[in-house]
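Read off the chains here:
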Amino acid sequence: MSPEPPPARPFVLISAAMSVDGHIDDATEARLMLSTAEDFDRVDALRAQSDAVLVGAGTLRADDPRLEVRDAARREARLARGLTEHPLKVALAGHGGLAPELRLWHSGGAKLVLAPDAAVPGLRASLGGLAEVVGTGAGLDAARVLDELAARGVRRLMVEGGGAIQSLFLTAGLVDEIQLAVAPFFVGEASAPRFAPPAARAFPQDATHRMTLLGAQTLGDVVVLRYAARREDASLVTQADLDWMRVAIDLSRQCPPSETAYSVGAVVVAADGTEIARGFSREGGDDKAHAEESALGKIDPSDPRLRTATIYSTLEPCSVRASRPSPCAELIRTAGIGRVVLAWREPALFVADCQGVELLEAAGATVLETPSLAEEARAVNAHLVNPN
Ligand SMILES: NC(=O)c1ccc[n+]([C@@H]2O[C@H](COP(=O)([O-])OP(=O)(O)OC[C@H]3O[C@@H](n4cnc5c(N)ncnc54)[C@H](OP(=O)(O)O)[C@@H]3O)[C@@H](O)[C@H]2O)c1
Ligand SMILES: [Zn+2]
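Residues numbered from 1 in each chain as written. Chains lettered and ligands numbered in written order. Predicted model: local features only at pLDDT ≥ 70, side-chain atom pairs only at ≥ 80, totals over all residues. Heavy atoms only, no water.

## A closer look at the domain arrangement of the protein
What counts here: What fixes the domain bounds is an automatic or database domain assignment.
For the protein, the assigned domains are domain 1 (11-228) and domain 2 (239-385). Each of domain 1 and domain 2 was reduced to a C-alpha centroid, and the two centroids are 32 Å apart.

## Re the pattern of salt bridges
Applicable threshold: Note on definitions: salt bridges are taken to be side-chain nitrogens of Lys or Arg within 4 Å of carboxyl oxygens of Asp or Glu. Helix numbers and strand numbers start at the N terminus; a helix is a DSSP run of H or I with at least 4 residues, a strand a run of E with at least 2. Note on exposure labels: buried denotes an accessible area under 20% of the residue type's maximum, exposed denotes more than 50%, and partly exposed covers the range between, all computed with a 1.4 Å probe on protein chains only.
The final tally for this structure, using the stated rule, is 27 salt bridges. For Arg-74, the salt bridge goes to Asp-44, with nearest N and O atoms at 2.8 Å. Here Arg-74, found in helix 3 (residues 72-80), pairs with Asp-44, found in helix 1 (residues 37-48); they are 30 residues apart in sequence, far enough to count as distant. This pair shows no difference in class: Arg-74 is buried, exactly as Asp-44 is. Arg-155 serves as the salt-bridge partner of Glu-316, at 2.7 Å between the closest nitrogen and oxygen. One end of the pair, Glu-316, is in the loop between strand 12 (310-315) and helix 9 (328-335); the other, Arg-155, is in the loop between helix 5 (142-151) and strand 6 (156-159), with 161 residues separating them in the sequence. Here Glu-316 and Arg-155 have matching classes, each one buried. One connected set of salt bridges, linked through shared partners, spans Glu-177, Arg-226, Glu-375 and Arg-378.

## Points about helix 3
Definition in use: Side-chain atoms alone can form a polar contact between residues adjacent in sequence; in general such a contact is a pair of N or O atoms within 3.5 Å, and within protein one must be able to donate a hydrogen while the other accepts it.
Between the side-chain oxygen at the start of helix 3 and the backbone nitrogen of Ala-73 there is a gap of 3.2 Å, and the oxygen is on Asp-71. Looking one or two places after helix 3, you find Gly-82, whose phi comes out positive at around 85°.

## Regarding the sheet that holds strand 10 (residues 265-269)
Condition: Strands are treated as partners if at least two bridges between them are detected by DSSP. Each axis is a line fitted through C-alpha atoms, taken for helices only over the stretch in contact, and angles between the N-to-C directions span 0 to 180 degrees.
Strands sit in the order 11-10-12-13-14 across an open sheet of five strands; the sheet is mixed. Of all strands in the sheet, those with a lone pairing partner are strand 11 (275-280) and strand 14 (366-369), marking the two edges. Here the average twist between neighbouring strands, direction ignored, is 15°. Two strands pair when backbone bridges link them, and strand 12 and strand 13 (residues 339-344) are joined in this way by five bridges, in the parallel orientation. Directly across from Leu-315, in strand 13, lies its bridge partner Trp-344.

Right, dumping it as structure tokens:
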């Protein structure tokens, strides 16, 4: 009997708005309006695409947000996909307390408060049944928060601030993407909160490690910058891995178009760096064929190179499949391939529980990701994953 694989950590997106001088608020009590209506709508769409949204206690006290999906059509679309109307709303708290009057507790969606154990009794006493309050041990760190959320089925997390919480996730190296809206004015106050303020730990995304700019979008007078924030672990993912993943992404562009299924590319490469086989979704007119399946189907199962081979797939291999007896994660395991590199994990929104990574890891495979190429792999499927 194999043990239950631990759930994979969620994809983490930081969404924030700042002034051109880097402030996320001014020094006054009132909330500073940084965004335009169009930009708020973009943020609403991001919320609707998330399994959970998260803020720190400081933001709850300062801004009293509801963190709901505002657009009715987006809420309906979530319901139609079998999701809750609103994502799970998560608050990170310390010892400063949270008032029961806050709007978060009295608006839609399930509410979860994560706090150090010592703060839990106080929070439970003041919040009563308004939110579930869970202790995270002596302190509260980002990895622990993600593990807690993963155990609750969260695959895509949107971090909505404030500054301390941005830095908490960024310095832990656990942020996949940042979407930063820049408003065209200065705040110019030294005491005003700023984006990702200096923290106890160093930022891995510092000047020596430039992030990947994914795009810049103009919404009225606001510019939205999108960055891939997570770096490949250079000790594990090599330049050759990135080059092969680019080959797989090119393959995914050859898939016959589909309105309902992903376009994926896969390549199996031997330890000596030579290609063994390649495949893509719906290859050869089989509209059920998956890329990994197609590539593996071209290989003699007794090929001795398989044991030390790497399979590159632009998407996380599937773990459940209605159309075939074995999902791709199972096919990879059976083939004996011990190293799997993927570019993109699909959000839980579309497959309730893809556990390809968990299955492969439980079977002893090393699974690596190439976050810097995730956006390229995703973009091939943009028509499926941006159903606004
Ligand atoms: N423009 C934007 O995009 C945007 C978005 C959100 C917020 N904001 C602004 O950001 C400001 C609030 O930011 P903030 O930095 O004061 O608060 P914050 O990041 O929202 O929350 C910080 C609080 O989280 C709790 N916490 C729990 N564990 C923590 C840990 N390991 N590290 C740090 N904090 C932890 C602590 O609560 P306790 O106090 O209970 O100990 C801490 O005070 C407000 O001015 C708000 O308007 C702007
Ligand atoms: Zn598959």
